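# Tertiary structure, described
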Amino acid sequence: MAREKWGTKLGFMLAAMGSAVGLGNIWRFSFVAGNNGGGAFLILYLLFVLIIGVPLLLTEVSIGRKAESDVVGSFKKLAPGTPWYLTGFFGIASAFLILSFYAVVAGWAMFYFWNYLNGSFFAQPAAGYEGAFGQFISHTWHPIAWTAFFMILTIVIVLSGVKKGIELANKIFMPMLALILIVLAFFSLSLDGASEGLKFLFTPDWTALSNPSIYIAALGQAFFSLSLGMGAMLTYGSYLKKENKLPSATLGIGLMDTFFAVISGIVIFPAVFAFGIDPSSGPPLVFITLPSIFEQMPLGGMVGLIFFFALILASLSSSVSILEVPTAYFMRVFGWSRFATSTVMGSIMFVMGIAVSLGFGVWSGVTPIGERNILDSMDYIASNILLPLGGLSMALLVGWYFKKSEALEATDLTSSPIGSTWFTIVKWVAPILIIMIFLNKIGII
Ligand code: PHE
(Lines give C-alpha, C1' and ligand atoms only; values in the text may rest on other atoms or scores of the structure.)
Protein backbone atom coordinates (compact mmCIF):
# COMPACT_ATOMS: atom_id res chain seq x y z
CA MET A 1 0.00 0.00 0.00
CA ALA A 2 1.37 3.42 -0.94
CA ARG A 3 1.94 5.77 2.00
CA GLU A 4 -0.26 8.81 2.11
CA LYS A 5 0.96 12.31 1.22
CA TRP A 6 -0.21 15.79 2.13
CA GLY A 7 -2.37 17.50 -0.47
CA THR A 8 -0.28 20.67 -0.46
CA LYS A 9 2.60 22.24 1.43
CA LEU A 10 0.03 24.42 3.16
CA GLY A 11 -1.64 21.23 4.29
CA PHE A 12 1.56 20.13 5.99
CA MET A 13 2.11 23.57 7.52
CA LEU A 14 -1.38 23.67 8.96
CA ALA A 15 -1.14 20.17 10.34
CA ALA A 16 2.28 20.79 11.87
CA MET A 17 1.17 24.09 13.38
CA GLY A 18 -1.96 22.35 14.56
CA SER A 19 0.22 19.77 16.25
CA ALA A 20 2.40 22.39 17.90
CA VAL A 21 -0.36 24.71 19.09
CA GLY A 22 -2.58 23.14 21.70
CA LEU A 23 -2.96 22.68 25.42
CA GLY A 24 0.81 23.00 25.67
CA ASN A 25 0.69 26.70 24.84
CA ILE A 26 -2.17 27.67 27.09
CA TRP A 27 -2.62 25.12 29.84
CA ARG A 28 0.89 23.66 30.23
CA PHE A 29 2.83 26.83 29.51
CA SER A 30 0.89 28.80 32.13
CA PHE A 31 1.20 26.36 34.97
CA VAL A 32 4.82 25.46 34.32
CA ALA A 33 5.73 29.14 34.10
CA GLY A 34 3.71 29.77 37.26
CA ASN A 35 5.43 26.95 39.11
CA ASN A 36 8.87 28.12 38.06
CA GLY A 37 8.63 31.73 39.03
CA GLY A 38 7.60 33.38 35.74
CA GLY A 39 10.16 35.71 34.13
CA ALA A 40 13.36 33.71 34.43
CA PHE A 41 11.53 30.64 33.17
CA LEU A 42 10.15 32.55 30.17
CA ILE A 43 13.64 33.70 29.14
CA LEU A 44 15.08 30.20 29.39
CA TYR A 45 12.14 28.75 27.50
CA LEU A 46 12.50 31.29 24.68
CA LEU A 47 16.22 30.65 24.53
CA PHE A 48 15.74 26.90 24.30
CA VAL A 49 13.08 27.26 21.60
CA LEU A 50 15.47 29.37 19.55
CA ILE A 51 18.74 27.50 19.95
CA ILE A 52 17.54 23.94 20.43
CA GLY A 53 13.88 23.78 19.45
CA VAL A 54 13.68 25.26 15.99
CA PRO A 55 16.94 23.70 14.68
CA LEU A 56 15.84 20.29 15.97
CA LEU A 57 12.38 20.74 14.52
CA LEU A 58 13.98 21.12 11.12
CA THR A 59 16.11 18.07 11.87
CA GLU A 60 13.15 15.95 12.94
CA VAL A 61 10.97 16.81 9.94
CA SER A 62 13.87 16.21 7.57
CA ILE A 63 14.48 12.73 9.00
CA GLY A 64 10.87 11.82 8.33
CA ARG A 65 10.84 13.24 4.83
CA LYS A 66 14.07 11.48 3.90
CA ALA A 67 13.15 8.10 5.37
CA GLU A 68 9.43 8.16 4.57
CA SER A 69 8.69 6.00 7.58
CA ASP A 70 7.51 6.12 11.19
CA VAL A 71 9.66 7.03 14.18
CA VAL A 72 11.23 3.58 14.61
CA GLY A 73 11.35 2.69 10.92
CA SER A 74 13.06 5.94 9.99
CA PHE A 75 16.03 5.24 12.25
CA LYS A 76 16.18 1.69 10.88
CA LYS A 77 16.22 2.93 7.32
CA LEU A 78 18.72 5.73 7.80
CA ALA A 79 21.09 3.95 10.19
CA PRO A 80 20.72 0.32 9.09
CA GLY A 81 22.40 -2.36 11.15
CA THR A 82 22.77 -0.08 14.19
CA PRO A 83 20.70 -0.13 17.41
CA TRP A 84 19.68 3.50 16.70
CA TYR A 85 16.10 2.49 15.98
CA LEU A 86 15.67 1.54 19.64
CA THR A 87 15.57 5.25 20.49
CA GLY A 88 12.41 5.45 18.39
CA PHE A 89 10.68 3.70 21.26
CA PHE A 90 11.22 6.78 23.43
CA GLY A 91 8.82 8.41 21.00
CA ILE A 92 6.29 5.59 21.10
CA ALA A 93 6.41 5.53 24.91
CA SER A 94 6.04 9.29 25.23
CA ALA A 95 3.06 9.21 22.88
CA PHE A 96 1.26 6.79 25.19
CA LEU A 97 2.14 8.77 28.31
CA ILE A 98 1.32 12.18 26.88
CA LEU A 99 -1.92 11.40 25.12
CA SER A 100 -3.33 9.64 28.15
CA PHE A 101 -3.15 12.82 30.23
CA TYR A 102 -3.70 15.16 27.29
CA ALA A 103 -7.08 13.56 26.71
CA VAL A 104 -8.01 14.05 30.35
CA VAL A 105 -7.19 17.77 30.27
CA ALA A 106 -8.89 18.20 26.91
CA GLY A 107 -11.88 16.49 28.52
CA TRP A 108 -11.86 19.20 31.18
CA ALA A 109 -11.96 21.79 28.39
CA MET A 110 -14.94 19.99 26.87
CA PHE A 111 -16.70 20.10 30.22
CA TYR A 112 -16.12 23.86 30.30
CA PHE A 113 -17.43 24.25 26.79
CA TRP A 114 -20.56 22.39 27.85
CA ASN A 115 -20.99 24.68 30.87
CA TYR A 116 -20.76 27.74 28.65
CA LEU A 117 -23.17 26.21 26.20
CA ASN A 118 -25.85 25.67 28.84
CA GLY A 119 -25.05 28.95 30.59
CA SER A 120 -24.10 27.52 33.96
CA PHE A 121 -20.65 29.11 33.95
CA PHE A 122 -21.85 32.57 32.92
CA ALA A 123 -21.80 33.49 36.61
CA GLN A 124 -19.92 31.89 39.50
CA PRO A 125 -21.54 28.63 40.55
CA ALA A 126 -22.38 28.27 44.24
CA ALA A 127 -18.99 26.70 44.98
CA GLY A 128 -17.11 29.37 42.99
CA TYR A 129 -15.20 28.44 39.84
CA GLU A 130 -12.37 26.92 41.78
CA GLY A 131 -14.70 24.86 43.91
CA ALA A 132 -16.79 23.73 40.95
CA PHE A 133 -13.68 22.68 39.07
CA GLY A 134 -12.33 20.83 42.08
CA GLN A 135 -15.60 18.96 42.50
CA PHE A 136 -15.65 18.05 38.83
CA ILE A 137 -12.11 16.69 38.49
CA SER A 138 -12.33 14.71 41.70
CA HIS A 139 -15.56 13.04 40.65
CA THR A 140 -14.98 9.40 39.80
CA TRP A 141 -16.57 9.00 36.43
CA HIS A 142 -17.70 12.43 35.13
CA PRO A 143 -14.29 13.54 33.90
CA ILE A 144 -13.60 10.05 32.55
CA ALA A 145 -16.68 10.28 30.38
CA TRP A 146 -15.36 13.53 28.88
CA THR A 147 -11.93 11.91 28.37
CA ALA A 148 -13.62 9.09 26.49
CA PHE A 149 -15.51 11.56 24.35
CA PHE A 150 -12.32 13.41 23.43
CA MET A 151 -10.45 10.19 22.72
CA ILE A 152 -13.20 8.98 20.40
CA LEU A 153 -13.00 12.23 18.41
CA THR A 154 -9.23 11.85 18.15
CA ILE A 155 -9.52 8.26 16.94
CA VAL A 156 -12.16 9.16 14.37
CA ILE A 157 -9.93 11.85 12.84
CA VAL A 158 -6.89 9.58 12.78
CA LEU A 159 -8.72 6.65 11.28
CA SER A 160 -10.14 8.74 8.50
CA GLY A 161 -6.59 9.27 7.32
CA VAL A 162 -3.95 11.89 7.26
CA LYS A 163 -5.17 14.15 4.56
CA LYS A 164 -8.89 14.14 4.94
CA GLY A 165 -8.95 14.06 8.71
CA ILE A 166 -6.08 16.20 9.81
CA GLU A 167 -5.43 18.64 7.03
CA LEU A 168 -8.93 20.01 7.04
CA ALA A 169 -9.44 20.55 10.76
CA ASN A 170 -7.09 23.51 11.22
CA LYS A 171 -7.92 26.13 8.66
CA ILE A 172 -10.57 28.11 10.50
CA PHE A 173 -9.95 27.51 14.14
CA MET A 174 -6.28 28.34 14.48
CA PRO A 175 -6.81 31.94 13.35
CA MET A 176 -9.92 32.09 15.49
CA LEU A 177 -8.06 31.00 18.60
CA ALA A 178 -5.36 33.57 17.91
CA LEU A 179 -7.94 36.30 17.56
CA ILE A 180 -9.73 35.43 20.79
CA LEU A 181 -6.46 35.27 22.69
CA ILE A 182 -5.49 38.72 21.47
CA VAL A 183 -8.83 40.16 22.57
CA LEU A 184 -8.53 38.39 25.92
CA ALA A 185 -5.01 39.73 26.38
CA PHE A 186 -6.23 43.31 26.02
CA PHE A 187 -9.04 42.68 28.44
CA SER A 188 -6.79 40.99 30.95
CA LEU A 189 -4.38 43.91 30.77
CA SER A 190 -7.18 46.28 31.68
CA LEU A 191 -7.89 44.52 34.98
CA ASP A 192 -6.90 46.12 38.26
CA GLY A 193 -3.61 44.66 39.35
CA ALA A 194 -2.64 43.52 35.86
CA SER A 195 0.77 45.14 36.15
CA GLU A 196 1.77 42.70 38.85
CA GLY A 197 1.07 39.84 36.47
CA LEU A 198 3.15 41.44 33.74
CA LYS A 199 5.96 41.94 36.21
CA PHE A 200 5.77 38.28 37.18
CA LEU A 201 5.98 37.17 33.54
CA PHE A 202 8.47 39.66 32.15
CA THR A 203 10.74 40.70 35.00
CA PRO A 204 13.08 37.79 35.60
CA ASP A 205 14.05 36.97 39.14
CA TRP A 206 17.54 35.72 38.36
CA THR A 207 17.91 33.88 41.64
CA ALA A 208 15.45 31.33 40.19
CA LEU A 209 18.29 30.21 37.90
CA SER A 210 20.13 28.64 40.81
CA ASN A 211 17.49 25.90 40.93
CA PRO A 212 18.41 23.07 38.51
CA SER A 213 14.72 22.17 38.07
CA ILE A 214 14.02 25.33 36.09
CA TYR A 215 16.33 24.29 33.24
CA ILE A 216 14.77 20.90 32.75
CA ALA A 217 11.30 22.43 33.10
CA ALA A 218 12.05 24.99 30.38
CA LEU A 219 13.62 22.35 28.14
CA GLY A 220 10.65 20.04 28.61
CA GLN A 221 8.23 22.86 27.86
CA ALA A 222 10.12 23.77 24.67
CA PHE A 223 9.95 20.16 23.48
CA PHE A 224 6.34 19.64 24.51
CA SER A 225 5.12 22.84 22.97
CA LEU A 226 6.90 22.32 19.65
CA SER A 227 5.76 18.66 19.52
CA LEU A 228 9.43 17.82 19.37
CA GLY A 229 11.30 14.58 20.07
CA MET A 230 8.34 12.22 19.93
CA GLY A 231 8.33 11.59 16.21
CA ALA A 232 5.03 13.38 15.63
CA MET A 233 6.75 15.95 13.41
CA LEU A 234 8.90 13.19 11.94
CA THR A 235 5.81 11.22 10.98
CA TYR A 236 4.15 14.32 9.52
CA GLY A 237 7.39 14.98 7.62
CA SER A 238 7.21 11.49 6.19
CA TYR A 239 4.00 12.44 4.38
CA LEU A 240 5.72 15.40 2.71
CA LYS A 241 6.60 15.41 -0.92
CA LYS A 242 10.29 15.87 -1.66
CA GLU A 243 9.90 19.21 -3.37
CA ASN A 244 8.61 21.03 -0.29
CA LYS A 245 11.21 23.30 1.31
CA LEU A 246 11.73 22.83 5.02
CA PRO A 247 13.67 25.68 6.71
CA SER A 248 11.08 28.42 6.27
CA ALA A 249 8.29 26.01 7.18
CA THR A 250 9.88 24.97 10.46
CA LEU A 251 10.80 28.53 11.40
CA GLY A 252 7.19 29.54 10.79
CA ILE A 253 5.96 26.75 13.05
CA GLY A 254 8.36 27.80 15.81
CA LEU A 255 7.32 31.46 15.62
CA MET A 256 3.63 30.67 15.58
CA ASP A 257 3.91 28.33 18.53
CA THR A 258 5.89 30.83 20.57
CA PHE A 259 3.42 33.58 19.79
CA PHE A 260 0.58 31.46 21.20
CA ALA A 261 2.52 30.74 24.39
CA VAL A 262 3.51 34.34 25.09
CA ILE A 263 0.05 35.69 24.35
CA SER A 264 -1.45 33.06 26.66
CA GLY A 265 0.88 34.24 29.37
CA ILE A 266 -0.32 37.81 28.82
CA VAL A 267 -3.90 36.59 29.18
CA ILE A 268 -3.38 34.42 32.23
CA PHE A 269 -0.93 36.15 34.58
CA PRO A 270 -2.52 39.61 34.83
CA ALA A 271 -5.76 37.83 35.68
CA VAL A 272 -4.05 35.47 38.12
CA PHE A 273 -2.86 38.46 40.13
CA ALA A 274 -6.00 40.53 39.64
CA PHE A 275 -8.16 37.72 41.04
CA GLY A 276 -5.72 36.69 43.74
CA ILE A 277 -5.12 33.19 42.36
CA ASP A 278 -1.91 31.37 43.31
CA PRO A 279 0.37 31.31 40.20
CA SER A 280 1.73 27.95 41.31
CA SER A 281 -1.69 26.26 41.40
CA GLY A 282 -0.38 23.64 38.97
CA PRO A 283 -2.49 21.96 36.27
CA PRO A 284 -5.78 23.58 37.39
CA LEU A 285 -4.36 27.11 36.93
CA VAL A 286 -6.00 28.14 33.65
CA PHE A 287 -9.21 26.36 34.53
CA ILE A 288 -9.69 28.53 37.58
CA THR A 289 -8.37 31.73 36.01
CA LEU A 290 -10.17 31.82 32.68
CA PRO A 291 -13.77 31.65 33.88
CA SER A 292 -13.09 34.56 36.22
CA ILE A 293 -11.92 36.58 33.21
CA PHE A 294 -14.98 35.66 31.19
CA GLU A 295 -17.26 36.53 34.09
CA GLN A 296 -15.89 40.07 34.24
CA MET A 297 -15.95 40.64 30.51
CA PRO A 298 -18.79 42.10 28.47
CA LEU A 299 -20.35 39.21 26.53
CA GLY A 300 -17.98 36.97 28.48
CA GLY A 301 -20.29 33.98 28.30
CA MET A 302 -20.19 34.08 24.53
CA VAL A 303 -16.43 34.62 24.49
CA GLY A 304 -15.96 31.69 26.86
CA LEU A 305 -18.07 29.49 24.64
CA ILE A 306 -16.06 30.29 21.53
CA PHE A 307 -12.77 30.14 23.40
CA PHE A 308 -13.32 26.62 24.70
CA PHE A 309 -14.58 25.47 21.33
CA ALA A 310 -11.42 26.74 19.68
CA LEU A 311 -9.29 25.24 22.46
CA ILE A 312 -10.90 21.84 21.95
CA LEU A 313 -10.12 22.00 18.23
CA ALA A 314 -6.55 23.11 18.90
CA SER A 315 -6.23 20.16 21.29
CA LEU A 316 -7.65 17.78 18.72
CA SER A 317 -5.18 18.85 16.06
CA SER A 318 -2.42 18.09 18.59
CA SER A 319 -3.85 14.84 19.91
CA VAL A 320 -4.22 13.40 16.41
CA SER A 321 -0.52 14.02 15.79
CA ILE A 322 0.30 12.12 18.98
CA LEU A 323 -1.96 9.17 18.15
CA GLU A 324 -0.48 9.12 14.64
CA VAL A 325 2.96 8.18 16.06
CA PRO A 326 2.09 4.69 17.38
CA THR A 327 -0.55 4.26 14.67
CA ALA A 328 1.99 4.70 11.87
CA TYR A 329 4.41 2.35 13.64
CA PHE A 330 2.02 -0.47 14.53
CA MET A 331 0.27 -0.31 11.17
CA ARG A 332 3.58 -1.04 9.55
CA VAL A 333 4.89 -3.75 11.87
CA PHE A 334 1.63 -5.60 12.49
CA GLY A 335 0.19 -4.98 9.05
CA TRP A 336 -3.12 -3.92 10.63
CA SER A 337 -5.53 -1.47 9.04
CA ARG A 338 -5.49 2.19 10.05
CA PHE A 339 -8.91 1.65 11.57
CA ALA A 340 -7.88 -1.23 13.82
CA THR A 341 -4.55 0.29 14.80
CA SER A 342 -5.82 3.70 15.79
CA THR A 343 -8.76 2.20 17.70
CA VAL A 344 -6.59 -0.21 19.67
CA MET A 345 -3.89 2.37 20.48
CA GLY A 346 -6.44 5.03 21.40
CA SER A 347 -8.24 2.58 23.68
CA ILE A 348 -5.06 1.68 25.53
CA MET A 349 -4.36 5.37 26.06
CA PHE A 350 -7.89 5.88 27.29
CA VAL A 351 -7.42 3.17 29.92
CA MET A 352 -4.22 4.90 31.05
CA GLY A 353 -6.19 8.15 31.10
CA ILE A 354 -8.61 6.63 33.61
CA ALA A 355 -5.72 6.35 36.06
CA VAL A 356 -4.72 9.95 35.36
CA SER A 357 -8.23 11.17 36.03
CA LEU A 358 -8.61 9.15 39.23
CA GLY A 359 -5.37 10.77 40.35
CA PHE A 360 -7.42 13.92 41.01
CA GLY A 361 -9.97 12.02 43.06
CA VAL A 362 -9.85 8.66 44.79
CA TRP A 363 -6.21 8.12 43.80
CA SER A 364 -4.99 11.57 44.78
CA GLY A 365 -2.72 9.96 47.35
CA VAL A 366 -0.87 8.08 44.62
CA THR A 367 2.37 9.96 43.93
CA PRO A 368 4.68 7.83 41.77
CA ILE A 369 7.53 10.36 41.56
CA GLY A 370 8.31 12.65 44.44
CA GLU A 371 5.30 14.76 45.38
CA ARG A 372 3.78 14.40 41.92
CA ASN A 373 0.35 12.94 41.30
CA ILE A 374 -0.26 10.56 38.39
CA LEU A 375 -0.62 13.27 35.72
CA ASP A 376 2.44 15.18 36.87
CA SER A 377 4.52 12.02 37.08
CA MET A 378 3.64 10.87 33.58
CA ASP A 379 4.16 14.36 32.25
CA TYR A 380 7.54 14.61 33.94
CA ILE A 381 8.86 11.35 32.52
CA ALA A 382 7.51 11.98 29.04
CA SER A 383 8.08 15.70 28.55
CA ASN A 384 11.19 16.36 30.58
CA ILE A 385 13.04 13.10 29.92
CA LEU A 386 11.77 11.06 26.97
CA LEU A 387 11.16 13.95 24.54
CA PRO A 388 14.61 15.51 25.07
CA LEU A 389 16.19 12.05 24.76
CA GLY A 390 14.32 11.48 21.49
CA GLY A 391 15.50 14.87 20.25
CA LEU A 392 19.05 14.10 21.32
CA SER A 393 19.02 10.89 19.34
CA MET A 394 17.77 12.69 16.22
CA ALA A 395 20.43 15.39 16.60
CA LEU A 396 23.17 12.81 16.97
CA LEU A 397 21.95 10.89 13.93
CA VAL A 398 22.00 13.91 11.67
CA GLY A 399 25.03 15.60 13.24
CA TRP A 400 27.30 12.59 13.57
CA TYR A 401 26.04 9.68 11.52
CA PHE A 402 25.23 11.69 8.41
CA LYS A 403 27.92 13.41 6.41
CA LYS A 404 27.57 17.17 6.58
CA SER A 405 26.63 17.38 2.91
CA GLU A 406 23.98 14.73 3.44
CA ALA A 407 22.55 16.59 6.43
CA LEU A 408 22.41 19.85 4.51
CA GLU A 409 20.73 18.20 1.59
CA ALA A 410 18.13 16.54 3.78
CA THR A 411 17.14 19.92 5.21
CA ASP A 412 17.31 21.95 1.96
CA LEU A 413 20.19 23.97 3.40
CA THR A 414 22.87 23.01 0.85
CA SER A 415 23.34 26.47 -0.55
CA SER A 416 21.99 28.41 2.39
CA PRO A 417 24.11 30.89 4.38
CA ILE A 418 22.74 29.45 7.64
CA GLY A 419 23.58 25.86 6.73
CA SER A 420 26.83 25.68 8.69
CA THR A 421 25.35 27.39 11.74
CA TRP A 422 22.46 24.95 11.77
CA PHE A 423 24.81 22.00 11.42
CA THR A 424 27.03 23.20 14.27
CA ILE A 425 23.99 23.55 16.49
CA VAL A 426 22.74 20.08 15.67
CA LYS A 427 26.15 18.46 15.96
CA TRP A 428 27.44 20.26 19.05
CA VAL A 429 25.34 22.92 20.72
CA ALA A 430 22.01 21.14 21.13
CA PRO A 431 23.42 17.78 22.26
CA ILE A 432 25.82 19.39 24.74
CA LEU A 433 23.10 21.61 26.18
CA ILE A 434 20.65 18.74 26.56
CA ILE A 435 23.25 16.54 28.23
CA MET A 436 24.34 19.39 30.53
CA ILE A 437 20.76 20.04 31.60
CA PHE A 438 20.35 16.36 32.47
CA LEU A 439 23.64 16.19 34.37
CA ASN A 440 22.82 19.40 36.19
CA LYS A 441 19.45 18.02 37.24
CA ILE A 442 20.96 14.82 38.53
CA GLY A 443 23.41 16.96 40.45
CA ILE A 444 26.59 15.99 38.60
CA ILE A 445 27.35 19.54 37.43
N1 PHE B 1 2.62 20.47 21.10
C2 PHE B 1 1.36 20.01 21.59
C3 PHE B 1 0.75 21.10 22.44
O4 PHE B 1 1.39 22.07 22.73
C5 PHE B 1 1.47 18.70 22.34
C6 PHE B 1 2.30 17.65 21.66
C7 PHE B 1 3.44 17.16 22.28
C8 PHE B 1 1.94 17.17 20.41
C9 PHE B 1 4.23 16.21 21.66
C10 PHE B 1 2.74 16.22 19.76
C11 PHE B 1 3.89 15.74 20.39
O12 PHE B 1 -0.36 21.04 22.87
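Okay, so let's go over this structure. The structure presented is a predicted model; accordingly, all values stated were derived computationally and were not measured.

## Section: a nonpolar patch on the surface
On the surface, a cluster of nonpolar side chains totalling about 830 Å² of accessible area is made up of W400, W428, V429, I432, M436, I442, I444 and I445. Looking at the nonpolar patch, the element that brings in the most residues is helix 19 (residues 419-442), giving five residues. Tracing the chain through its elements places I444 in the segment after helix 19. In this structure I444 comes out as exposed when scored by relative accessible area, which is 58%.

## What to know about the site of the ligand
The environment of the ligand is formed by 14 residues, the closest being A20, G24, Y102, F224 and S227. The contact in question runs from an oxygen atom of the ligand to an N or O atom on the side chain of Y102, over 2.5 Å. Interatomic distance of 2.7 Å between a backbone N/O atom of F224 and a nitrogen atom of the ligand. In the complex, 100% of the free accessible area of the ligand, which totals 320 Å², lies under the protein chains. Among the secondary structure elements, those contributing two or more residues to the shell around the ligand are helix 1 (9-20), helix 2 (23-35), helix 11 (212-225) and helix 15 (300-334). Residues belonging to the shell around the ligand are distributed by class as follows: six nonpolar, eight polar and no charged.

## Quick look at the packing of aromatic side chains
What the rule picks out here adds up to 42 aromatic pairs. Centroid distance W6 to Y239: 6.1 Å. Interplanar angle 75°. Geometry classified as edge-to-face. Taken together, the positions of W6 in the segment before helix 1 and Y239 in the loop between helix 12 (232-238) and helix 13 (247-274) put the pair 233 residues apart, joining distant regions of the chain. Comparing W6 with Y239, the two get one shared label, buried. With a centroid separation of 5.3 Å and an interplanar angle of 0°, the aromatic rings of F133 and F287 are classed as stacked. Of this pair, F133 sits in helix 6 (residues 128-138) while F287 sits in helix 14 (residues 285-296), and the two are 154 residues apart along the sequence. Classification of F287 as buried rests on a relative accessible area of 1%. In this arrangement the basic side chain of K427 is found over the ring face of W400, its NZ or CZ atom lying 4.2 Å from the centre.

## Section: the environment of F260
Structurally, F260 is set in helix 13. Assessed through its relative accessible area of 1%, F260 is described here as buried. Through-space distance from the C-alpha of F260 to that of V21 is 7.1 Å; in sequence the pair is 239 residues apart. If we skip the residues at most four places from it in the chain, F260 touches V21, N25, M174, L177, A178 and L181.

Criteria and thresholds
Numbers given to residues run from 1 along each chain, matching the order in which its sequence is written. Residue-level local features of this predicted model are given only where pLDDT is at least 70; pairs of side-chain atoms are given and counted only at 80 or more, and the full residue set underlies all totals for whole chains, interfaces and linings. Values reported for side chains reflect all heavy atoms of the structure, with hydrogen atoms and water molecules removed beforehand. Residues enter patches when they are more than 30% accessible in relative terms and free of salt bridges; like-charged ones are connected within 9 Å and nonpolar ones (Val, Leu, Ile, Met, Phe, Trp, Tyr) within 5 Å. Each accessible area value is a Shrake-Rupley result obtained with a 1.4 Å probe; residue values ignore everything except the protein chains displayed when judging cover. Take a side-chain nitrogen of Lys or Arg and a carboxyl oxygen of Asp or Glu: if they are within 4 Å of each other, that pair is a salt bridge. A run of H or I in DSSP becomes a helix once it reaches four residues, and a run of E becomes a strand once it reaches two; helices and strands are each numbered from the N terminus. Accessibility here uses a 1.4 Å probe with only protein chains present; expressed as a share of the type maximum, an area under 20% marks a residue as buried, one over 50% as exposed, and anything in between as partly exposed. Note on terminology: near, applied to a residue and a molecule or strand, indicates that one of the residue's heavy atoms is within 4 Å of it. Here a polar contact is recorded for every N or O atom pair within 3.5 Å, except that within protein the pair must consist of a potential hydrogen donor and a potential acceptor, and residues adjacent in sequence are included only if both atoms are side-chain atoms. Any residue that is not Ala, Val, Leu, Ile, Met, Phe, Trp, Tyr, Cys, Pro, Asp, Glu, Lys or Arg is counted as polar, Gly included; the first ten are nonpolar and the last four charged. Classification of ring pairs rests on two measures: the distance between centres of Phe, Tyr or Trp rings, Trp counted by its six-membered ring, which must be within 6.5 Å, and the angle between planes, read as stacked under 30 degrees, edge-to-face over 60 and tilted in between. Placement of a charge over a ring requires the Lys NZ or Arg CZ to be within 6 Å of the ring centre, with the centre-to-atom vector within 35 degrees of the ring normal. What makes two residues a contact is simply this: any of their non-hydrogen atoms within 4.5 Å.

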